[in-house]
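One letter stands for each residue in the lines below.
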Amino acid sequence: MPAPVSATPSATEWAALVVEAADVTTAVLERAADADWSRRPDGSDWTARATLDHLALGVLGYAGLLTARPTDRYITLFGSLDPAAPIPHCLEGLRIAAELLAATVRSAPPEARAWHPWGHSDGPGFAAMGIVELLVHGWDLAGTFHLDRQAVDRLASPAVARLFPEAPPGHGGTDTLLWCTGRTTLSDLPRRPAGEWRWDGRVR
């Protein structure tokens, strides 16, 4: 059983959460390995297969940013999945990217900062970004293939607390994350318009 998460997770705990998010997400998506990945998640311009590429690029890119620590730009290293690879191998690629991000978060000094268009961030911030990418796009893809989408509050809640200071209280971590990223409504709030939300990666 995973260890409890501290109210203010350490770098080691953040790293473990990234790996767990990748494991949880890929375990669900493996059940759709033989499905048609040219289908598009609801409301997305990407195919399901292209969404996997976006995930690999994003999660690996966060590791690269935290390694190079640019102050005003994205890094020049881009990571992608082999377009000819079967889906199980692509999911392995996501787990590799998550392990690399986790290792970078563990090794980065607390004072490390790097550029991101939604706020210059630190190790915990980039870990939280990776978790959001994995959980939210994993939720999108699970819906595409009509797979069960279980709440993962122990992963979502720390990411929400780190990146969404405006998040409304009183709801589960998964429900709040999906609302913050424009995926769902909450009982007392309408759905946020697509493209009109963003996280705040700044260190607070």
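Quick look at the structure, then. (Residues numbered from 1 in each chain as written. Predicted model: local features only at pLDDT ≥ 70, side-chain atom pairs only at ≥ 80, totals over all residues. Heavy atoms only, no water.)

### Comments concerning the nonpolar core
As a reminder, the rule being used: Only buried Ala, Val, Leu, Ile, Met, Phe, Trp, Tyr and Cys residues count toward a nonpolar core, and they belong to the same one when joined by side-chain atoms within 4.5 Å. Buried residues are those whose accessible area, probed at 1.4 Å on protein chains only, stays under 20% of the maximum for their type, while exposed residues exceed 50% and partly exposed ones sit between those limits. In DSSP terms, a helix is any run of H or I states spanning at least four residues, a strand is any run of E spanning at least two, and both are numbered starting from the N terminus. We call two residues in contact whenever any of their non-hydrogen atoms come within 4.5 Å of each other.
Within the largest apolar cluster, 60 residues are counted, with the highest numbers of intra-cluster contacts made by Trp37, Leu52 and Phe164. Every element with two or more residues in this core is listed here: α1 (11-29), α2 (48-68), α3 (87-107), α4 (123-144), α5 (153-163) and α6 (173-180). Here this core takes eleven residues from α4, the largest share from any one element. For phenylalanine 164, the residues in contact, after removing those within four places along its chain, are Val132, Ala159, Leu177, Cys180, Thr181, Trp197, Arg198 and Trp199.

### Considering the packing of aromatic side chains
Heads up, the rule is: Paired rings are identified among Phe, Tyr and Trp, the last through its six-membered ring, by centres lying within 6.5 Å, and are further divided according to the angle between planes into stacked (under 30 degrees), edge-to-face (over 60) and tilted (the rest).
Enumeration over the complete set of coordinates arrives at six aromatic pairs. Seen from their ring centres, tyrosine 74 and phenylalanine 78 are 5.8 Å apart, and the 35° between their planes marks the pair as tilted. The partly exposed category is assigned to tyrosine 74, whose relative accessible area is 27%. Accessibility expressed as a relative area gives 56% for phenylalanine 78, which makes it exposed. Pairing phenylalanine 164 with tryptophan 197 gives two aromatic rings, centres 6.5 Å apart and planes at 50°, and the pair type is tilted.

### What about α3?
Side chains three or four residues apart in an α-helix point the same way, a direct result of the helix having 3.6 residues per turn. Note the following rule: Multiplying 1.5 Å by the residue count of a helix minus one yields the expected span of that helix.
The end-to-end C-alpha separation of α3 is 31 Å, in line with the 30 Å expected for 21 residues at 1.5 Å each. Where α3 is concerned, the buried positions are Ile87, Cys90, Leu91, Gly93, Leu94, Ala97, Ala98, Leu101, Ala102, Thr104 and Val105.

### Focus: the pattern of salt bridges
Applicable threshold: Here, a salt bridge means any Lys or Arg side-chain nitrogen found within 4 Å of an Asp or Glu carboxyl oxygen.
Scanning all chains against the criterion turns up eight salt bridges. When the shortest N-O distance is used, the salt bridge between arginine 154 and glutamate 20 registers 3.0 Å. Here the residue arginine 154 occupies a position in helix α5, and glutamate 20 occupies one in helix α1, the gap between them amounting to 134 residues. Arginine 154 gets classed as partly exposed once you look at its relative accessible area, which sits at 30%. For glutamate 20, a relative accessible area of 17% translates into the label buried.

### A look at the packing of α2 against α3
Formally: Axes here mean lines fitted to C-alpha atoms, for a helix over just the part in contact, with angles spanning 0 to 180 degrees between N-to-C directions. Roughly parallel refers to an angle under 35 degrees, roughly antiparallel to one over 145, roughly perpendicular to one between 65 and 115, and oblique to any angle outside these ranges. In this scheme the crossing of two helices becomes right-handed for a clockwise turn of the near helix relative to the far one and left-handed for an anticlockwise turn of less than a right angle. When residues are grouped by polarity, Ala, Val, Leu, Ile, Met, Phe, Trp, Tyr, Cys and Pro land in nonpolar, Asp, Glu, Lys and Arg in charged, and all others, Gly among them, in polar.
Between α2 and α3, the least distance of the axes is 9 Å, while the angle of their chain directions is 20°. Compared by their axis directions, α2 and α3 come out roughly parallel. Crossing geometry of α2 relative to α3 is assigned as left-handed. Listed contacts from α3 to Arg49, Leu52, Leu55, Ala56, Val59, Leu60, Tyr62, Ala63, Leu66 and Thr67 of α2 are Ile87, Cys90, Leu91, Leu94, Ala97, Ala98, Leu100, Leu101, Thr104 and Val105. Tallied by class, the residues present in the contact of α2 with α3 amount to 17 nonpolar, two polar and one charged.

### A short note on unusual backbone geometry
Residues apart from glycine generally show negative phi values, whereas peptide bonds are mostly found in trans. Unlike most non-glycine residues, arginine 69 shows phi in positive territory, near 55°. With respect to the helices and strands, the residue arginine 69 is situated in the loop between α2 and α3.

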